[in-house]
Amino acid sequence: MGCNYLDKQPDNLLTADMLWQTRANAESYLYQIYGSIQLPADDYTVLGASDETSCSVQGVNVRKMIAGNWNPQSDYWNNWGSNYSAIRQTFVFEENIVKMPDDIISQELKSQYTAEVLFLRGWFCWKLLRQYGPFVKVTGLLSLNEDYNRYPRAPFDECVAYINTLMDQAAAGLPAVWSSSANYGRPTKGSCLAVKSQVALLAASPLWNGNSRLSDFNNQDGTALVPQQYDAQKWKTAADAAKAVIDLNVYKLFTNLDEGDATFDPYLSYRDVFLTNWNNEIIFSTNKTSDWYWGLEKRCAPAPGGYDMQNATQNVVDAFYMRNGRDIKDDLSGYIESGFVQHDDPAQWGLSKDGINRGYIKGNANMYVDREARFYVNIQYNGKPILAAPTTDDRNFFSSDANRDGRGRVEFYYSGKSGVGTNNNGDITGYGVLKNVSPASNIRLDAVPYRPFIHIRLAEIYLNYAEALNEIEPGNPDVLKYLNLVRERGGIPRLEEVYPSAVGNQGEMRKWILRERQVELAFEGDRYFTLIRRLAMGDADHQTIYRMNTNANDNNQGFSFAGYYTRTLLQNRYWDDKMYLFPISQNELDRNSALVQNPGW
Amino acid sequence: MKFYLYGFPDRQPEICKIFLSMKIFILLFFLFISQASGKIFAQKISLSEKNASLETVLSKIKSQSGYAVFFVYKDMQKARPVTVSLQQASLETALQHVFEGQPLTYTLETRTIVVKSKTITERLEKPVQLQVTGKVVDHDGHPLVGVSVKIKETNQGTVTDQQGDYTLVLPRADAVLVFSYVGYETKELAATGNTLQVTLESVAQNLEDVVVVGYGVQKKINVTGSVASVNMADMRTSVPNLSNALAGKVAGIMSVQSSGEPGYDQATFTIRGISTFEGSVSPLIIVDGVQRDDVNSSYGGAFNNIDPEDIASISLLKDASSTAMYGAKGANGVLIITTKRGAQGKPKIQLKTETGRTGFTKTPKMLDGVQYMQLLNEARVNMGLAPNYSEERILKTASGLDPYLYPDVNWIDEVYKDHAALTNANLNITGGSEAVRYYLSASFYNQVGPYQVENLADYNPNLNFKRYDFRSNIDVNLTKTTLLQLNLGAMLVDARYPGISSGSLWYLSFATTPVAFPTRYPDGRWAGPITNGGNNPLNEVQNDGYTNEFRPTVQSVFTVNQKLDMLTEGLSAYARFSFDSYGEFDNRRSGRNDLWLANGRDANGDLVYTQTRVGEQFLGYSRTSTGERVMYVEGNVHYDHQFGDHQLGGMVLYNMRNRLLSTSDDVIGSIPYRNQSIAGRITYGYKNTYLLEVNAGYTGSENFEKGKKFGLFPSVSGGWVISNESFFKPFLPTFSLLKLRGSYGVVGNDNIGAGQRFPYLTQIGGGNSAGFGLNGTNYGGQTEQQIGVQDLTWEKSYKGGIGLEVGLFNKLNLIVDGFTERRKNILIARQSISSIAGYSGAFVFANIGEMNNRGIDASLEYNDQLGAVGLRLFGNVTYSRNKIVFNDEPAKKYAYQRSTGKRFAEFTGYIADGFFVDQPDIDSRPQQKFNEVFPGDIRYLNLNPEDDDVIDAYDYTYLGKSWFPSWSYGAGFSVAFKHFDLSLFFQGIADVGLMANGLGIDGNGMGVNGVGIIPFSGNGQYPNNTLAAVEDRWTADNPRQDAYYPRLTVASTTDNNYLESTHWLQDGSYIRLKQASLGYTFTSDKLKKIGCENLYLYLSGNNLLTFSKFKLWDPELGSNGAKYPITRMATIGIRAQF
């Protein structure tokens, strides 16, 4: 009682100083930084800002974005602040971890954690660069009373160099492979090199390499933020960066043989890249038990078990090859636009593992017959049995009375369970997304098993390498080699067997490489950034979105209603070249007068 | 020169010298007065005394006249209180007045007044048998029935009849009559004539003369701060919740109730509005001298559950002068509640019991099945989609022939009854001896919920709110100077709620389509949709189980009062200890039953079912419990003394408070909330005319770092009672009171926003987690949740006020107060720090917020007796308007988007400009960038035409209205005629808005936001139902600009038409008939024989009528109409006294 009554300090409170007194607390701070890594499982890149998907829910931000209805005040996916918060924490961690006594945390662990935190800082900078372009280079802790009007954006090349430096420093302290599986999910040398590959590819791409549209993009003091001249050497840098990952020799493309199967099954090989607990194709992933995979599957799943929310477009459906490796527009492809198939898929993909033939089935539209394996992994089309429904009862749940045959064929037609005739929120394109959907899930009961979220995998690095190399040495055999590795795992013939004219033809080869990216990396968020960095997002092809005629009344003909299978315009999206970069939030500009807005916003 | 006043032994008119040391003179009263020598004494006497003791009055006469006074102490005990008002009277006149009706007489000797008993001389002169008659009325002139009239020192007496009249035969001429009545001040009057009219002041009225102020009481006339008292007669209401009962009852209170759910219906309750935009806006609540400020928090609010029957007085401390002593806690004003205490006498029993029905003030009207289908079709066609429902389906539904396959359900009617039962009772007993007095009370409140449920599966899920209040206030005179007081109050809430929360149930009642499924099928199966298809609200409330909530509150105060006159006269002290315990224990039984959906009929015409949900056999069980305790210690020394014309008072106190959340979820919450303070007051008055008061609190809070913990909060105030001035004398017959007062001071607040504490410490807490390994093992992360900032200090409120009190003809009283407040150092989370610093996501506090609040409050009261009709008119009004002065927001690109300069919680939105007429109209206007627009959609104004020609996020602005009103008022009257009395009370708020675009209706996990308002919203299988008001819409055939709804679409909150805008900003003002009562008083000899002195029967109602421009739901609910409405009540009750 008396004078020190109020001085009962909250001594049982964890304060900033105490954080660095035990290993567990220090590590928990690191975990928080890891937790700031965003899983782009629900953002614009997957939910309808590129030509591969459209979101059926009205009023969501991505629908406003593609209608041009956003501005610096809208704050859609405003990741500016959250990335900088994470960057600040990397500095706090780096400054404090070294001060901790060795008997609490070993020198070895300290340097490992420091390397991890450098990787993380680089990662967050990379995310800023990709979304907003040149960022404000923060190289240490800033105080609350700092004059923030003195912090302008750094030029693009300086930002790239900063990320590369951080990744190099991190790589030096990280192993090529974690000896203990308990560390899966932490970055490796390869993770650092892979980020460098992504950064280099962006830097070499037309968006930032000789883009005349950005020539006046300067700081207030006149500092040019964008390199003014095209530099072909940047493609070399990009090719080398990708090759550096490959040359580590610790990664390989996953196949079902790795899971002990006797025969190669392209469907399972490609599908299970995403569904295994761990495989050697993964270069960087977030291994967190969380609800992202439930959200993803719920969003992808058709009604009534799911939300019918993420709808694949006819554009991406058409991008998938035929089984013979040919484009559907190719006269030799064997693609038939009309009619229905009268037999089940003879390939019997997936049967060995799931007990169910995952290819096409009798009664499917011919459009979906003889397509490549990756088509069946990625696309939920009208009449294709639902995947995340393990029992007959579960599958019947998705069927109208007339279709209740235990197969659970999804009903995207007008009067079907997922059709727009019966749902305000029915599927609007006639397609759903199936990538990363597990047959072990039961979406009706919301039971979804664990899998890591893959940020970077080897197939992307192969395609990065092929793309960059083709720009400087179109004749280099590695271009074909790595493109074909991806095709072969997808179960289709090598490119030169189908389109020999592409070999050595830089322009045609570029087309097929980008097509391969579209197919292989479909629904992984890559499509948006590829179209952006290639300055192709504004092309009419990518803004004119098609679908099946889901609005035509089937008059209860169901799957056999031919009027459904008519290519119909879904939307002409709005495009303005300013949208190649996200706007910086007006709030941020108001807080820092040195910050210049991205061009056009 | 010295004059002595000596007492004398009985009948010894001689002068004796008495010495202090002689024990014999314990019986004698000794008064020592010193005067400056040589002073010439005026013979003119001025006196203004009310119920003063004869000794006091004589001592004043002595000091004014210079005469010595001699009397016998024993005689003085017989003297009755003196009420006298004289200006410049002669000594003789003064003495005649003073001795009028006294059992004493006097003689004037040389510069000496000798007082002696009348008994010897006069008693012999008059005949003994005398009769006196008269009427006893209350303050308002109503006859008081059953008042006990006794002849003092005898057992003789009577009670007043139904007209308040009495007749009594007196044994002797100087008999003193004692008038006593429960709830009223006892009066003793000498029967000097044949008639004696008596006005008894109720205890509450009496407290107007002596007002409860911070840490003490003051004479009302001497109060210099802004203090208002609630008339407790107005608090006789069947409303269980005290904060709701207070709305409109007294100037200064602004309260907004936003739910009617029993047990969760406490209001946002403020004194003089809102002066801070961070942290708590609730006033400090003092109950029986102890801080109990959990008004708007859990446990239903610590004071809301006190039965108004147990309350003796409620004081409102509004300005800095009256609240400065509360320093740390006083910035939002102080509400002081004092419970009733015992009075000496035989046990007196008061019984009140009432029963009635409760219902909703307003039930929203939704579309019926046919309207729903037609309008949904219209909306879909408007969007270029095919209609959902065929004509055939609509016709079948309209026919009502097969309500199972083609249902048309009004879910609100199915779920809610029109009215439900309410009962409450209070029994209290007062009485005691000279040494021990008691007030004992027990009350019971029982309110049944409005749900259409029954006991189906061995439990009844209906809401049932039961409250048991017990109170025991004991006073013990340990010695003549020592008083012990013990207050024990227990408020025990035992309530049952359905398994589904009331909010979710309202949501479902709004949301559920009328046509998807019926409530039940003919064989008793419950209907329900498949997953993601919504819910059957009636099934949810009937079969989801129930929660028993037990919320015990125990409040105890122990006080020792000690008079310290032996040290110096007028000095006394008390020590107080209080221990409160609060708890909540919830047992939840959750249920899940089988649900079925009929898809069609078989060949026999029987329904064919699909099972849509598999239920569980047994109810699930879960429980939660929370609790906290508060301890409080106070030591208080005070002094009050009159030196001639000078009145001097002082008070100093020390207190400590310790509040411990015993079931806190985190470490920070588990650290006790501690406060410590020293406070003092000095009052000075000269001739009861010039008044000065200085208050100060020096209070400490653990919330700040060492060296910053304590803050000094001083205030000064003064008053001038103009009507006591001699120059005012000519106006006195008209102006019975004219008083001017003013105050200025500083009050503090340590309650920073968002529940954050210790802002000077960087706090680490749970953050994002990471996962590693083959199976994604999660590792919890920790991060800075709050960045510590040095040099944080108190939020300070600089308050000034002036007040004017006017009394006219002793009938009309007017009090007007103007106030201004500048709140500085508001602890706000920084917003202007650039995100590149990396602090977003963590709290960073700074003492930089500023806000203004200005206003007026006033009250008027008029009492009159017009023949047999007693009349009372009263009204009060509070106006408060606040403005954010500094908010640390980033400098907005457009000034009209800055919150700085705007009011608290001001709505933002676009400025609507009617509906688009046609395509050329759309083309001619700026493009609206929310979604594609069509004729019939809402047009908005472009606020930045200099920069762009589009309507986008840069075009929203502040719209001038807030959900919190600027005006709050209440007015009413009561009339009494013979045995009847009638009173009506209206209450209202004005200059208040509500945003009826649906954004206020939160899905809370039940579905999308905006249900019911936004047409056919929702992603489920069945689009949501919509308010019937949607019929009033723009259509191509009837393109009315004055339609309430724009072109119909299947819409969501972010659609062009449903953005926050002036189109949806509605006037939330209302006036309601808050209370009405009609009563009749029974009196009869039969009643008296069974000991019942008084029986009063009444009908009363609450919220019977509401007048508002806004018609869709009760406007007091604000922007969210999809929740438990405000309730109305009608009760019949009886009050009896034994």
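Just so it is clear, the model here is predicted, and its values are computed rather than measured. (Residues numbered from 1 in each chain as written. Chains lettered and ligands numbered in written order. Predicted model: local features only at pLDDT ≥ 70, side-chain atom pairs only at ≥ 80, totals over all residues. Heavy atoms only, no water.)

**Brief notes about the overall build of chain B**
The criterion, for reference: Starting at the N terminus, helices and strands are each numbered in turn, a helix being any DSSP run of H or I of at least four residues and a strand any DSSP run of E of at least two. Values of the radius of gyration come from C-alpha atoms, whereas the globule rule sets the reference at 2.2 Å times the count of residues to the power 0.38. The rule is simple: take the accessible area with a 1.4 Å probe, protein chains only, and divide by the maximum for that residue type; under 20% is buried, over 50% is exposed, in between is partly exposed. When checking whether two residues touch, look at their non-hydrogen atoms; a contact exists if any pair is within 4.5 Å. Only the protein chains shown count as covering a residue, and every accessible area follows the Shrake-Rupley method with a 1.4 Å probe.
Along chain B, the regular secondary structure elements total 15 helices and 59 strands. Rg of the C-alpha trace for chain B: 35 Å, near the compact-globule value of 32 Å for 1138 residues, within the 12% margin. Projected onto its principal axes, the C-alpha coordinates of chain B cover approximately 120 × 70 × 60 Å. Burial status across chain B gives 56% buried among its 1138 residues. Excluding contacts between residues fewer than 6 apart, the proportion of contacts in chain B whose partners are at least 24 apart in sequence is 69%. As presented, chain B carries roughly 45900 Å² of accessible surface, and 56% of it is formed by carbon and sulfur atoms.

**Regarding helix α6 (residues 189-204) of chain A**
What counts here: Expected span of a helix, by definition, is 1.5 Å for each gap between consecutive residues, and there is one gap fewer than residues.
Helix length check: α6 of chain A, at 16 residues, gives a terminal C-alpha distance of 23 Å against a target of 22 Å (1.5 Å per residue), a fit within 8%. By the criterion of burial, α6 of chain A is predominantly enclosed, with 15 of the 16 residues buried.

**What to know about the interface of chain A and chain B**
The parts lose accessible area when they come together, and the size of an interface is often stated as this lost area. Applicable threshold: By convention, the term buried area covers the 1.4 Å-probe accessible surface removed from two parts as they join, with the contributions of both added. We define a salt bridge as a side-chain nitrogen of Lys or Arg found within 4 Å of a carboxyl oxygen belonging to Asp or Glu. In protein, a polar contact means a hydrogen-donor-capable atom and an acceptor-capable atom, both N or O and within 3.5 Å, with residues adjacent in sequence counting only if both atoms are side-chain atoms; elsewhere, any N or O pair within 3.5 Å suffices. In this classification, the charged set is Asp, Glu, Lys and Arg, the nonpolar set is Ala, Val, Leu, Ile, Met, Phe, Trp, Tyr, Cys and Pro, and all remaining amino acids, among them Gly, are polar.
The interface of chain A with chain B comprises 81 residues on the first partner and 85 residues on the second. Here chain A and chain B share an interface that buries about 6800 Å² over both sides, 51% of which is from carbon and sulfur atoms. Taken together, the connections running from chain A to chain B amount to one salt bridge. For R88 of chain A, the salt bridge identified is with E784 of chain B, shortest N-O distance 3.1 Å. Seen at the junction of chain A and chain B, the total is 34 residue pairs in polar contact (both at pLDDT 80 or more). The greatest single-element share of the side of chain A that touches chain B, amounting to eight residues, is contributed by helix α3 (residues 80-97) of chain A. By residue class, the composition of the side of chain A that touches chain B is 33 nonpolar, 38 polar and 10 charged.

**Description of the pattern of salt bridges**
Counted by the stated rule, this structure contains 92 salt bridges over all chains. The residue R323 of chain A makes a salt bridge to D370 of chain A at a minimum N-O spacing of 3.8 Å. One end of the pair, R323 of chain A, is in the loop between α10 (314-319) and α11 (351-354); the other, D370 of chain A, is in the loop between α11 and α12 (373-378), with 47 residues separating them in the sequence. Take D370 of chain A: its relative accessible area is 35%, and that puts it in the partly exposed class. A salt bridge links E1116 of chain B to R1072 of chain B; the nearest nitrogen and oxygen atoms lie 2.6 Å apart.

**Regarding the confidence of the model for chain B**
All names here are of chain B. What counts, and what does not: The predictor attaches a confidence to each residue, and that confidence, scored 0 to 100, is pLDDT.
For chain B, the mean per-residue pLDDT works out to 84, and 93% of the residues sit at or above 70. Model confidence for chain B, summarised as mean pLDDT per element, is weakest for strand β2 (residues 31-34) at 32 and strongest for strand β50 (residues 938-940) at 96. With pLDDT under 50 throughout, residues 1-41 is counted as low confidence; its partners more than four residues away or in other chains account for 48 contacts. Long-range and interchain partners of residues 204-208, a stretch whose pLDDT sits below 50, account for nine contacts in this model, where long-range means more than four residues apart. What the predictor reports for the complex is a pTM of 0.78 with an ipTM of 0.90.

**Focus on the side chain of S585 of chain A**
Residue and element names in this part refer to chain A. When you line up the elements, S585 lands in the loop between β8 (568-572) and α20 (586-591). Relative accessible area serves as the criterion here: at 5%, S585 is assigned to the buried category. When neighbours within four sequence positions are excluded, S585 is seen to be in contact with P72, D75 and N78.

**With respect to the environment of Y166 of chain B**
All names here are of chain B. Inspection of the secondary structure puts Y166 in strand β11 (residues 165-170). Since its relative accessible area comes to 3%, Y166 is described here as buried. Between the alpha carbons of Y166 and M373 there is a distance of 74 Å; along the sequence they are 207 residues apart. Here Y166 is in contact with V132, T133, G134, K135, V136, V149, T158, T160, L177, F179, L196 and V198, once residues within four sequence places are set aside.

**Quick notes on unusual backbone geometry**
Most peptide bonds adopt trans geometry, and most residues besides glycine take a negative phi value. Between A303 of chain A and P304 of chain A the backbone carries a cis peptide bond, its omega angle lying at 5°. Tracing the backbone through its elements, the reader meets P304 of chain A in the loop between α9 (292-300) and β3 (310-312). Of note in this structure, F809 of chain B is not a glycine but carries a positive phi near 50°. For F809 of chain B, the location among the structural elements is in the loop between β43 (795-808) and β44 (812-829). Residue classification places F809 of chain B among the exposed positions, given a relative accessible area of 52%. Backbone geometry places D888 of chain B, a non-glycine residue, at a positive phi of 50°.

**Brief notes about helix α18 (residues 526-533) of chain A**
An α-helix turns once per 3.6 residues; consequently, residues spaced three or four apart project the same way. Residue and element names in this part refer to chain A. α18 sits mainly inside the fold: eight of its eight residues count as buried. Turning to α18, its buried residues number three or more, namely D526, R527, Y528, F529, T530, L531, I532 and R533. Buried residues belonging to α18 abut α2 (61-65), α4 (107-132), α6, α14 (458-472), α17 (506-520) and α19 (540-543). Immediately downstream of α18, the backbone of L535 shows phi near 55°, a positive value.

**Thoughts on the packing of aromatic side chains**
What counts, and what does not: What counts as a ring pair is set by centres within 6.5 Å for rings of Phe, Tyr and Trp (its six-membered ring), and what kind of pair is set by the plane angle: stacked under 30 degrees, edge-to-face over 60, tilted for all other angles. Here, over-ring charges are defined by two tests on the NZ atom of lysine or the CZ atom of arginine: distance to the ring centre within 6 Å, and angle to the ring normal within 35 degrees.
One pass over the full model with this rule turns up 92 aromatic pairs over all chains. An angle of 80° between the planes, with centres 5.1 Å apart, marks the rings of Y44 of chain A and Y528 of chain A as edge-to-face. A residue pair is termed long-range when its members are at least 10 positions apart, and Y44 of chain A in the loop between α1 (23-35) and β1 (53-55) and Y528 of chain A in helix α18 qualify at 484 residues. Here Y44 of chain A matches Y528 of chain A in class, with each residue buried. Ring-pair connections join several aromatic residues into one group, and the members of that group are Y44, W70, Y76, W77, W80, Y84, Y132, Y528, F529, F582 and W601 of chain A. The ring of Y954 of chain B has K893 of chain B sitting right over it, with the charged end atom 4.7 Å from the ring centre.

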